[in-house]
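Chains, contacts and geometry: an overview
What follows is the residue order along each chain.
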Amino acid sequence: MLLSIPFPHLPSPPSWFPGHMNRFTKQLPALLSRTDIVLELRDSRLPLTSINHNFEGDVPRRDAAVEPSPVSGYGGMTCERIIVLNKRDLVPEWGMEPFRRAMAARFPEQVIHFASCNRREDIRSLSTLLVNIAKRNPHATETNVLVVGMPNVGKSTLLNSLRNFGIWGRTPKALQTSAQPGHTRALSNRLKISEDPLVYSYDTPGVMLPFLGKGDEGAERGVKLALIAGIKEGLYDVEALVAYLLYRLNILDPVSPAYLRVLPPGTAPTTSVSAFLEQLARRLGMLLRGGECDTVRAAKWFVEWWRREGGLFSAAAPHTLPSAVLATGRDSVRRGWGFDLEWSVEKSDSVPPVAASVLEHRMGECIDEFMERTREYERQGGTVSETQLKKRTWEEKLARRAAKSKAKFIARKKGF
């Protein structure tokens, strides 16, 4: 069992905000004026990190205590907002309902829905939810849905599944999908996802934050998004991803981390990235000439393994203290759900009924801490890079110069 788990050194986050993301960001306010329902997709493994805070100011808010006015069928004054936590099959079931309740207590205007495109019952329930919202106004000719979210959270795949469920008969795949981020680069044509009532949807490009942040906060955010393939491949050294992944897996279960499943039987947990990659390369037979371990290839394999199935193992540890921890005399151990929510489990929480009663509270504390940290970070300017500050200052200078020239021209014209 690991008693000391040092935080790894992480590289500064890269800037990845291609032109198509900037164009869509400028189009978003106009699109929302023609939208009845906003479907925002996030990744269940990173339910907080995959929030794009740039959407928060653009999407009109509706007070949950007030019954929404009937939609016009072509955009309304406010949008019904549904948060879809996609890829639910990669997080353990025991944390979904507590997380939903914790979010509902803090964001009552948002509807939280867990989904996986591999589960037909999830697609059915989401389609039913959209249809029921559309039926609130029987006089509306149609209902328009706008799907937004960060890159590679599964927007196109989900829309294909909704269309396949909502349209009777055989429906060909309408949207192309890819495992690489940035595949969708423009607003799609209207896609019919229900015939009665008529519900149409738009697929949109995934939008990354223009700047991921400074210091450890930004570095960790960037690595998390790279691990779920939300950032363009190649911008991160794969061994840096392995270092953080190893750290998180050790934190979540210091007794039996998930990566032990891919190492030789009897291997002890480790905090050494080089030792881990050498063991993994030998186990997988990834050797160079002379018998040297191909650690780069092993690192790529390990990250892909976590994306496919390891994420479920990494968060599947029970949220109570295992007997091996109690035997060491430790009073607490870190536990978590996904990679965003992490808390300490005390000895008093080892009784299952007690643990079940405090789980929602612990998740709520994680959400509050994340939101407060984000607000403080924004107040300190941590979400704006030095380059963006210089560009903003230069644009303001040009605007003042143009206004001054215009004022001089008007004054000269009046003099004549």
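Residues numbered from 1 in each chain as written. Predicted model: local features only at pLDDT ≥ 70, side-chain atom pairs only at ≥ 80, totals over all residues. Heavy atoms only, no water.

**A closer look at the overall build of the protein chain**
- Helices and strands together make up the secondary structure of the protein chain, namely 12 helices and eight strands.
- When the 416 residues of the protein chain are sorted by exposure, 50% land in the buried category.
- Sequence separation of at least 24 residues holds for 71% of the intrachain contacts in the protein chain that already meet a minimum separation of 6.
- Surface accessibility of the protein chain: about 20,400 Å² in total, with carbon and sulfur atoms responsible for 52%. (Helix = DSSP H or I, 4+ residues; strand = E, 2+ residues; numbered from the N terminus. Buried < 20%, exposed > 50% of the residue type's maximum accessible area, 1.4 Å probe, protein only. Contact = heavy atoms within 4.5 Å. Areas by Shrake-Rupley, 256 points an atom, 1.4 Å probe, with all protein chains shown as cover.)

**Comments concerning the sheet that holds strand β1 (residues 37–43)**
- With mixed pairing, six strands are arranged side by side in an open sheet as β3-β2-β1-β4-β6-β5. The open sheet terminates on both sides in strands that have one partner only, identified here as β3 (111–114) and β5 (191–194). Between one strand and the next, the sheet's axes are offset by a mean angle of 30°, whatever the strand orientation.
- Pairing between strand β2 (residues 80–86) and β3: four bridges, direction parallel. What sits directly across from Val84, in β3, is His113. (Pairing = 2+ DSSP bridges. Axes fitted to C-alpha atoms, helices over the stretch in contact; angles between N-to-C directions.)

**Looking at the packing of helix α7 (residues 238–252) against helix α8 (residues 273–284)**
- Where α7 contacts α8, the axes come no closer than 10 Å and their chain directions differ by 100°. Taken as axis vectors, α7 and α8 run roughly perpendicular relative to one another. Within the contact between the two elements, α7 uses Glu239, Val242, Ala243 and Leu246 and α8 uses Val273, Phe276 and Leu277.
- Classifying every residue of the contact of α7 with α8 by side-chain character gives six nonpolar, no polar and one charged. (Parallel < 35°, antiparallel > 145°, perpendicular 65-115°, else oblique. Nonpolar A, V, L, I, M, F, W, Y, C, P; charged D, E, K, R; others polar.)

**So, the packing of aromatic side chains**
- Within this structure, the stated rule accounts for 10 aromatic pairs.
- With a centroid separation of 4.9 Å and an interplanar angle of 75°, the aromatic rings of Phe7 and Tyr247 are classed as edge-to-face. With Phe7 in the segment before α1 (19–32) and Tyr247 in helix α7, this pair connects stretches of sequence that are 240 residues apart.
- Tyr247 gets classed as buried once you look at its relative accessible area, which sits at 14%. (Phe/Tyr/Trp six-rings, centres within 6.5 Å; stacked < 30°, edge-to-face > 60°.)

**A word on the nonpolar core**
- The biggest cluster of nonpolar side chains holds 65 residues, and the ones touching the most others in it are Leu39, Leu162, Leu227, Phe276, Phe302 and Phe339.
- Residue contributions to this core peak at 10 residues, all from α7.
- When residues no more than four places from it in sequence are discounted, the contact partners of Phe302 are Val242, Leu245, Leu249, Tyr259, Phe276 and Leu280.
- Among the nonpolar cores identified, the runner-up in size contains 22 residues, and Leu48, Ile83, Val345 and Ile367 belong to it. (Core = buried A, V, L, I, M, F, W, Y, C linked by side-chain atoms within 4.5 Å.)

**Description of the environment of His183**
- Its location among the elements puts His183 in the loop between α5 (155–166) and β5.
- Between the alpha carbons of His183 and Asn152 there is a distance of 8.4 Å; along the sequence they are 31 residues apart.

**A few points about unusual backbone geometry**
- Cis geometry is found at the peptide bond from Asp196 to Pro197, where omega equals 0°.
- Mapping Pro197 onto the fold places it in the loop between β5 and β6 (199–202).
- For Lys87, which is not glycine, the phi dihedral falls at a positive 60°.
- Along the polypeptide, Lys87 turns up in the loop between β2 and α3 (96–106).

**Brief notes about the pairing of β2**
- Buried residues dominate β2, accounting for seven of its seven residues.
- Because side chains alternate across β2, one face comprises the buried residues Glu80, Ile82, Val84 and Asn86, and the other comprises Arg81, Ile83 and Leu85, equally buried.
- Note that β1 and β2 share seven bridges and pair parallel. Opposite Leu41, over in β2, you have Val84 as the bridge partner.

**Here we look at the pattern of salt bridges**
- What the rule picks out here adds up to 21 salt bridges.
- Residues Arg136 and Glu80 are paired through a salt bridge, measuring 3.2 Å at the closest nitrogen-oxygen approach. A residue pair is termed long-range when its members are at least 10 positions apart, and Arg136 in the loop between α4 (120–134) and β4 (143–149) and Glu80 in strand β2 qualify at 56 residues.
- We classify Glu80 as buried; its relative accessible area is 7%.
- Glu220 is the partner of Arg248 in a salt bridge, and the nearest nitrogen-oxygen pair spans 4.0 Å. Of this pair, Arg248 sits in helix α7 while Glu220 sits in helix α6 (residues 215–227), and the two are 28 residues apart along the sequence. (Salt bridge = Lys/Arg side-chain N within 4 Å of Asp/Glu carboxyl O.)

**Considerations on the environment of Leu341**
- With respect to the element layout, Leu341 can be found in strand β8 (residues 341–346).
- The exposure class of Leu341 is buried, given its relative accessible area of 0%.
- Once the C-alpha coordinates of Leu341 and Phe370 are considered, the two residues, 29 residues apart in sequence, prove to be 9.2 Å apart.
- Discounting chain neighbours no more than four positions away, the residues touching Leu341 are Pro47, Leu48, Phe99, Arg335, Gly336, Met363 and Cys366.

**Remarks on α7**
- With 15 residues, α7 should reach 21 Å at 1.5 Å per residue; the first-to-last C-alpha distance of 21 Å fits that figure.
- Of all 15 residues in α7, 14 are buried, a share of seventy percent or more. (Expected span 1.5 Å × (residues − 1).)

**Section: the side chain of Asn52**
- Positionally, Asn52 belongs in the loop between β1 and α2 (54–58).
- Judged by its relative accessible area of 0%, Asn52 falls in the buried class.
- Polar side-chain contacts of Asn52 include one of 2.7 Å to the backbone oxygen of Val207.
- Residues within four places of Asn52 in sequence aside, it is in contact with Glu40, Met150, Val207, Met208 and Leu209. (Polar contact = N/O pair within 3.5 Å; in protein donor to acceptor, adjacent residues only side chain to side chain.)

**Describing the confidence of the model for the protein chain**
- Looking at the protein chain, the pLDDT average stands at 82 and 82% of residues meet or exceed 70.
- For the protein chain, the element scoring lowest by mean pLDDT is helix α10 (residues 323–328), at 59; α8 scores highest, at 94.
- Contacts for the low-pLDDT stretch residues 62–77, under 50 throughout, to residues beyond four places or in other chains number 33 contacts. (pLDDT = per-residue confidence, 0-100.)

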